[in-house]
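Each chain, written out:
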Amino acid sequence: MGSEMCIRDRAFTVQKNVKGENIVLIDDIYTTGSTLDEAARVLKKAGAENVYFLTVSMSSENENVPKILKH
């Protein structure tokens, strides 16, 4: 396989060879985590070594948010 590759899976497409790469995803808000989970799954399927994520904020509707942060 050359340096170019395209892997499409549901809503996400990997258009670059990411085999062995460490990738950071940045999202504006973390609600259920499904967007980041799906993107990470596709990147790992395409060969990414590690996928990390950063979010700017977290929804207070998320059950994983400590109660003190919901006040």
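Help me understand the pattern of salt bridges in this model?
Any two side chains of opposite charge can pair, given that their charged atoms come close. A complete count under the given rule lists one salt bridge for this structure. A salt bridge links Arg 41 to Glu 38; its shortest N-O distance comes to 2.7 Å. Highlighted residues: Arg 41 and Glu 38, both in helix 1 (residues 34-45), separated by three residues, approximately one helical turn. For Glu 38, a relative accessible area of 15% translates into the label buried.

What's the story with the nonpolar core in this structure? I'm lost.
Taken as a class, soluble globular proteins show a tendency for nonpolar side chains to be buried jointly. Counting residues in hydrophobic clusters, the biggest one holds 11 residues: Val 14, Val 18, Ile 23, Leu 25, Tyr 30, Leu 36, Ala 39, Val 42, Leu 43, Ala 46 and Ala 48. Breaking this core down by element, the ones donating at least two residues are strand 3 (22-30) and helix 1. In terms of residues, this core owes the most to one element, helix 1, which gives four residues. Once residues lying within four places of it in the same chain are set aside, the contact partners of Ala 48 are Val 18, Lys 19, Gly 20, Glu 21, Ile 23 and Leu 43.

Explain helix 1 here, please?
Taking 1.5 Å per residue as the helical rise, helix 1 with its 12 residues ought to reach 16 Å, and the 16 Å between its terminal C-alpha atoms agrees with that figure. Listed in full, the buried residues belonging to helix 1 are Leu 36, Glu 38, Ala 39, Ala 40, Val 42 and Leu 43. Just downstream of helix 1, Gly 47 is the residue with a positive phi angle, here 110 degrees.

What exactly am I supposed to notice about the packing of aromatic side chains here?
Aromatic ring pairs are described here by two measures, namely the spacing of the ring centres and the angle between the planes. For the coordinates displayed, the defined rule picks out one aromatic pair. Where Tyr 30 meets Phe 53, the ring centres are 5.9 Å apart and the plane angle is 10 degrees; that geometry is what we call stacked. With Tyr 30 in strand 3 and Phe 53 in strand 4 (residues 50-58), this residue pair connects regions lying 23 residues apart in the sequence. By relative accessible area, which is 16% here, Tyr 30 ends up buried. Note on Phe 53: relative accessible area 45%, which makes it partly exposed.

Could you clarify how one ought to interpret a nonpolar patch on the surface in this entry?
A cluster of nonpolar side chains, namely Val 24, Ile 26, Tyr 52 and Leu 54, defines an oily patch on the protein surface of about 440 Å² accessible area. By secondary structure assignment, the location of Ile 26 is in strand 3. For Ile 26, a relative accessible area of 66% translates into the label exposed.

What am I meant to see in the side chain of Asp 27 here?
Its location among the elements puts Asp 27 in strand 3. Although Asp 27 is buried, it forms no salt bridge, and the closest oppositely charged side chain is Arg 41 at an N-O distance of 15 Å. Residue contacts for Asp 27: discarding those within four places in its chain leaves Thr 35, Leu 36, Leu 54, Thr 55 and Val 56.

Conventions adopted
Residues numbered from 1 in each chain as written. Predicted model: local features only at pLDDT ≥ 70, side-chain atom pairs only at ≥ 80, totals over all residues. Heavy atoms only, no water. Salt bridge = Lys/Arg side-chain N within 4 Å of Asp/Glu carboxyl O. Helix = DSSP H or I, 4+ residues; strand = E, 2+ residues; numbered from the N terminus. Buried < 20%, exposed > 50% of the residue type's maximum accessible area, 1.4 Å probe, protein only. Core = buried A, V, L, I, M, F, W, Y, C linked by side-chain atoms within 4.5 Å. Contact = heavy atoms within 4.5 Å. Expected span 1.5 Å × (residues − 1). Phe/Tyr/Trp six-rings, centres within 6.5 Å; stacked < 30°, edge-to-face > 60°. Patch = residues over 30% accessible without salt bridge, like charges linked within 9 Å, V, L, I, M, F, W, Y side chains within 5 Å. Areas by Shrake-Rupley, 256 points an atom, 1.4 Å probe, with all protein chains shown as cover. Lys, Arg positive; Asp, Glu negative; His and termini not counted.

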